[in-house]
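# Structural overview for review
Spelled out, the chains give:
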Amino acid sequence: MASYSSLLALMMFILVLRNVSAGNFYQDFDITWGDGRAKIIDNGDLLTLSLDKASGSGFQSKNEFLFGKIDMQLKLVPGNSAGTVTAYYLSSQGPTHDEIDFEFLGNISGDPYILHTNVFSLGKGNREQQFYLWFDPTADFHTYSILWNPQRIIFSVDGTPIREFKNSESIGVPYPKSQPMRIYSSLWNADDWATRGGIVKTDWSQAPFTASYRNFNANACVWSSGSSSCSSKSPPSTSTHAWLNEELDITGQERLKWVQKNYMIYNYCTDAKRFPQGFPSECTINSTS
């Protein structure tokens, strides 16, 4: 029969595995605003944000990261969500900040959500791509992922890539690679622009609006006291840090093209009216054609 100490060690190992695979909101995040509208429940397995006419709510990660593969499952505001925005993103601080954005723009009942993506490097954004989703994001939880390594940023939904932003420093385009970023999320009212350019306003009779989060996972380099947790561990070529060199395989490239052909509704790299002098230089490198 196994000794008590070995059983205890096994139980601790299982707990560690659980926290690595699914995360725990008490351990991984701080609620930062909302005056009680954000709640961590189910022993740290579920987090909810709510919005009413007085305020929205938000949270941020305790850790900062410099490269990583970040997963979060979200279930978005159901019903008439017009005017609301659920934001889930990585960001550093300051006027020359880096940022990697998922934003979910609500809509009236029966109309689809718009998934808005953007990438900021050294304070410059304006790299929007927008998509419809191929499912109802309010009916169940779905996984939204950001792969961020020195070569590329890949946005994925349920494992399907929807956008790739490649490192284009070779042609003079800054790339997020030196500023550690925290994970942030918020639910807020943006009815001045979010739904049909601000035409459709938030229906406060539907409040409170609620979005839910679970199964956070960060396979990432944690930045602390000026150094990365990856620098003292096994080299990036090992399976532990395989994501540091990850790229889309042929299947992934085909799935990316499928999403962009069938579900992309806006791409800054094809907006000739916005860029009459020519498209941003990174557009050629990031083209899926």
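Residues numbered from 1 in each chain as written. Predicted model: local features only at pLDDT ≥ 70, side-chain atom pairs only at ≥ 80, totals over all residues. Heavy atoms only, no water.

- The protein chain carries the name Xyloglucan endotransglucosylase/hydrolase in an unreviewed UniProt entry, which gives Abeliophyllum distichum as its organism.
- The heading Function (unreviewed entry) in the UniProt record of the protein chain holds the text "Catalyzes xyloglucan endohydrolysis (XEH) and/or endotransglycosylation (XET). Cleaves and religates xyloglucan polymers, an essential constituent of the primary cell wall, and thereby participates in cell wall construction of growing tissues."
- Of the protein chain, the UniProt comment under Sequence similarities (unreviewed entry) reads exactly: "Belongs to the glycosyl hydrolase 16 family. XTH group 1 subfamily." (UniProt positions renumbered as here; feature names shortened; annotations may be inferred.)

## Overview of the UniProt feature "active site" (unreviewed entry) in the protein chain
- Mapped onto this structure's residue numbering, the UniProt feature "active site" (unreviewed entry) falls at Glu99 and Glu103.
- Owing to a relative accessible area of 13%, glutamate 99 belongs among the buried residues under this scheme.
- The contact partners of glutamate 99, leaving out residues within four places of it in the chain, are Tyr89, Leu90, Ser91, Asn118, Val119, Phe120 and Met181.
- Within the structure, glutamate 99 has its side chain in polar contact with the side chain of histidine 97 (distance 2.8 Å).
- Position of glutamate 103 among the secondary structure elements: in strand S7 (residues 99–105).
- By relative accessible area, which is 14% here, glutamate 103 ends up buried. (Buried < 20%, exposed > 50% of the residue type's maximum accessible area, 1.4 Å probe, protein only. Contact = heavy atoms within 4.5 Å. Polar contact = N/O pair within 3.5 Å; in protein donor to acceptor, adjacent residues only side chain to side chain. Helix = DSSP H or I, 4+ residues; strand = E, 2+ residues; numbered from the N terminus.)

## A word on the state of the cysteines
- Summed over all chains, the structure comprises two disulfides.
- Here cysteine 269 is linked by a disulfide to cysteine 283, with a sulfur-sulfur distance of 1.9 Å. Because the sign of the S-S torsion sets the handedness, a value of about -80 degrees for the bond joining cysteine 269 and cysteine 283 places this disulfide among the left-handed ones. With cysteine 269 in the loop between strand S16 (264–267) and helix H4 (282–285) and cysteine 283 in helix H4, this residue pair connects regions lying 14 residues apart in the sequence. You'll find cysteine 269 and cysteine 283 in the same group, each marked buried.
- Disulfides within the protein chain link the bonded cysteines, taken in sequence order, as 1-2, 3-4. (Disulfide = S-S within 2.5 Å.)

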